[in-house]
Amino acid sequence: MKKKDIKILLVDDEPDILEIVGYNLSSEGYQISTAENGLEAVAKAKKEKPHLIIMDVMMPEMDGIEACEQIRKISDLSETIITFLTARGEDYSQMAGFDAGADDYITKPIKPKVLVSKVKALLRRLKEDKEEVTDDIVTVGDIVINRVEYKIIQKGNEIILPRKEFELLSLLASRPGKVFKREEILDRVWGNEVIVGGRTIDVHIRKLREKIGDDHFKTIKGVGYKFVL
């Protein structure tokens with residue numbers, strides 16, 4: 001996919017941030033649109049279907065966490081990458097971001113060139129997802145994983161998962177019984193370019209246990225996780 005075809009939605013209530021970030025990314029050739037709060041972000045995301053959303057956390061009317069949760073419920077946006085760009089660097093804030101379905105969490109201040117590099121790393125996933133050769137639909141026990149539509153069917157019930165939860169489940173379920181080390185999970189689900197907190201995997205596993213069932217996921221203390229039938 002060419003840069004001129006990639007759509008990025010910037011969401012921040014500070015006009016200076018929108019202008020600076022927008023300028024640096026548009027200079028790279030990306031299509032840029034903006035929103036000033038979470039409500040506007042959800043509406044624009046539905047209409048424009050961006051490939052990447054870069055969003056602040058603290059905003060009026062609807063904050064970034066709630067906006068992310070709303071966007072993750074929209075099936076047409078299941079492949080949209082969402083990253084937070086915020087001054088909130090606390091662990092609990094980052095965990096809330098990933099819990100809401102974010103793919104990454106970037107803290108301000110950040111140099112424009114570094115941000116552009118991170119954006120390029122995130123967008124590489126679009127290409128990697130298309131190039132990866134896998135079965136489109138996989139049945140594992142009572143779970144049907146549809147990798148094309150990013151959809152889970154369990155006992156006849158459709159379950160909508162945020163992008164990273166889906167990718168984590170897809171990875172673990174690809175080899176039932178195999179123990180995936182934490183380092184391998186981070187590498188294959190989040191990528192080497194992205195730095196995430198140590199609790200990120202744990203948060204996503206907890207959410208999967210709530211939605212899919214606790215008995216499908218086993219923790220191997222100090223090592224990683226495995227999917228069990």
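Because the structure is predicted, anything quoted here is derived from the model rather than measured.

Peer 1: Looking at this structure, I do not really get the packing of helix α6 (residues 163–173) against helix α8 (residues 200–212). What am I missing?
Peer 2: Two measures define how a pair of helices packs: the angle their axes make with one another and the distance between the axes. Orientation of α6 relative to α8, taken along the N-to-C sense of each, is 80°, at an axis distance of 10 Å. The angle between the axes of α6 and α8 places the two elements in the roughly perpendicular class. Facing K164, E165, L168, L169 and L172 of α6, the residues of α8 in contact are I201, H204, I205, K207, L208, K211 and I212. For the contact of α6 with α8, a count of residues per class yields seven nonpolar, one polar and four charged.

Peer 1: Is there a simple way to think about the side chain of T80 in this case?
Peer 2: Looking at the secondary structure, you find T80 in the loop between α3 (64–72) and β4 (81–86). Among the polar contacts made by the side chain of T80, one reaches the main-chain carbonyl oxygen of P50 at a distance of 2.9 Å. When sequence neighbours within four positions are dropped, the list of residues in contact with T80 reads P50, H51, L52, I53, R72, D103 and R163.

Peer 1: What is the right way to look at the pairing of strand β3 (residues 52–55) in this model?
Peer 2: Two faces make up the sheet, and in a regular strand the side chains alternate between them. Every second residue of β3 is oriented toward a common face, with L52 and I54 on one face and I53 and M55 on the other, all of them buried. Note that strand β1 (residues 7–11) and β3 share four bridges and pair parallel. Within the sheet, the bridge partner assigned to L10 lies in β3 and is I54. In this fold, β3 hands off to α3, which returns the chain to β4; that crossover is right-handed.

Peer 1: Help me understand the pattern of salt bridges in this model?
Peer 2: Close approach of charged atoms lets side chains of opposite charge pair. Using the criterion set out here, one finds 20 salt bridges in the structure. Taking the shortest distance from any N to any O, the salt bridge between R72 and D103 comes out at 2.8 Å. You can see R72 sitting in helix α3 and its partner D103 sitting in the loop between α4 (91–99) and β5 (104–107), a full 31 residues away along the chain. With relative accessibility at 0%, the residue D103 sits in the buried group.

Peer 1: Where do I start with the domain arrangement of the protein in this structure?
Peer 2: How big an interface is tends to be reported as the loss of accessible area on association of its parts. Partitioning the protein into domains gives domain 1 (3–126) and domain 2 (137–227). On a C-alpha basis, the centroid separation for the pair domain 1 and domain 2 is 24 Å. On the domain 2 side, the residues contacting the 17 residues of domain 1 number 19 residues. For the pair domain 1 and domain 2, the summed buried area comes to about 1,600 Å², and 52% of that belongs to carbon and sulfur atoms. Across the contact surface, domain 1 and domain 2 share two salt bridges. Linking R163 and D103 is a salt bridge whose minimum nitrogen-to-oxygen distance equals 3.9 Å. Between the two partners, domain 1 and domain 2, sit two residue pairs in polar contact (both at pLDDT 80 or more). At the level of elements, α4 and α5 (112–131) are the ones that each hand at least two residues to the side of domain 1 that touches domain 2.

Peer 1: I tried to follow α4 on my own but got confused; where do I start?
Peer 2: Spacing of three or four residues puts side chains on the same side of an α-helix, whose turn is 3.6 residues. Of all the residues in α4, the buried ones are S93, Q94, G97 and F98. The arc that holds the buried residues of α4, viewed along the axis, is 135°, so those residues lie on one side. Opposite the packed face of α4, turned more than 90 degrees from it, sit the exposed residues D91 and Y92. The inward-facing, buried residues of α4 abut α3, β4, β5, α7 (182–190) and α8. A positive backbone phi angle near 115° is found at G101, which sits one or two residues after α4.

Peer 1: Looking at this model, I keep getting lost on a negative patch on the surface. Mind explaining?
Peer 2: A cluster of acidic residues, D13, E14, D16, E19 and E36, forms a negative patch at the surface. Looking at the element boundaries, E19 is found in helix α1 (residues 15–26). Assessed through its relative accessible area of 57%, E19 is described here as exposed.

What counts as what
Counting from 1, residues in each chain are numbered in the order their sequence is written. Local features are withheld for residues below a pLDDT of 70 in this predicted model, meaning they are given only at 70 or higher, and side-chain atom pairs are given and counted only at 80 or more; totals for whole chains, interfaces and linings count all residues. Remark: hydrogens and water are excluded; side-chain values derive from all non-hydrogen atoms of the structure. In this description, a line fitted to the C-alpha atoms serves as the axis of each element, helices being fitted only across the stretch in contact, and the angle between N-to-C directions of two axes falls anywhere from 0 to 180 degrees. Put simply, DSSP marks the helices as runs of H or I at least four residues long and the strands as runs of E at least two long, and each gets a number from the N terminus on. Roughly parallel means an angle under 35 degrees; roughly antiparallel means over 145; roughly perpendicular covers 65 to 115; every other angle is labelled oblique. A contact between two residues is defined here by any heavy atoms of the two lying within 4.5 Å. Residues are grouped as follows: Ala, Val, Leu, Ile, Met, Phe, Trp, Tyr, Cys and Pro are nonpolar; Asp, Glu, Lys and Arg are charged; every other residue, Gly included, is polar. In the analysis that follows, any N or O atom pair within 3.5 Å is treated as a polar contact, provided that within protein one partner can donate a hydrogen and the other can accept it, and provided that, for residues neighboring in sequence, both atoms belong to side chains. The buried label applies to any residue whose accessible area, calculated with a 1.4 Å probe on protein chains only, is under 20% of its type's maximum; exposed applies above 50%, and partly exposed to all values in between. Pairing between strands is defined by DSSP: at least two bridges between them are needed. When the strands point away from the viewer and the connection leading from the first strand across the helix to the second strand turns clockwise, the crossover is called right-handed. For salt bridges, the criterion is a side-chain nitrogen of Lys or Arg within 4 Å of an Asp or Glu carboxyl oxygen. Just so you know, the domain bounds were taken from an automatic or database domain assignment. When two parts are brought into contact, each loses some accessible area as probed by a 1.4 Å sphere; the total of that loss over both is the buried area. Think of the arc as the fan of directions from the helix axis to the C-beta atoms. Here a patch means residues that are over 30% exposed by relative accessible area and free of salt bridges, tied together within 9 Å if like-charged and within 5 Å if nonpolar (Val, Leu, Ile, Met, Phe, Trp, Tyr). Note on areas: Shrake-Rupley, 1.4 Å probe, and residue coverage restricted to the protein chains presented here. Charged-residue counts in this description rest on Lys and Arg as positive and Asp and Glu as negative, His and the chain ends being excluded. Where a charge sits is defined by one atom per residue type, namely NZ (Lys), CZ (Arg), CG (Asp) or CD (Glu).

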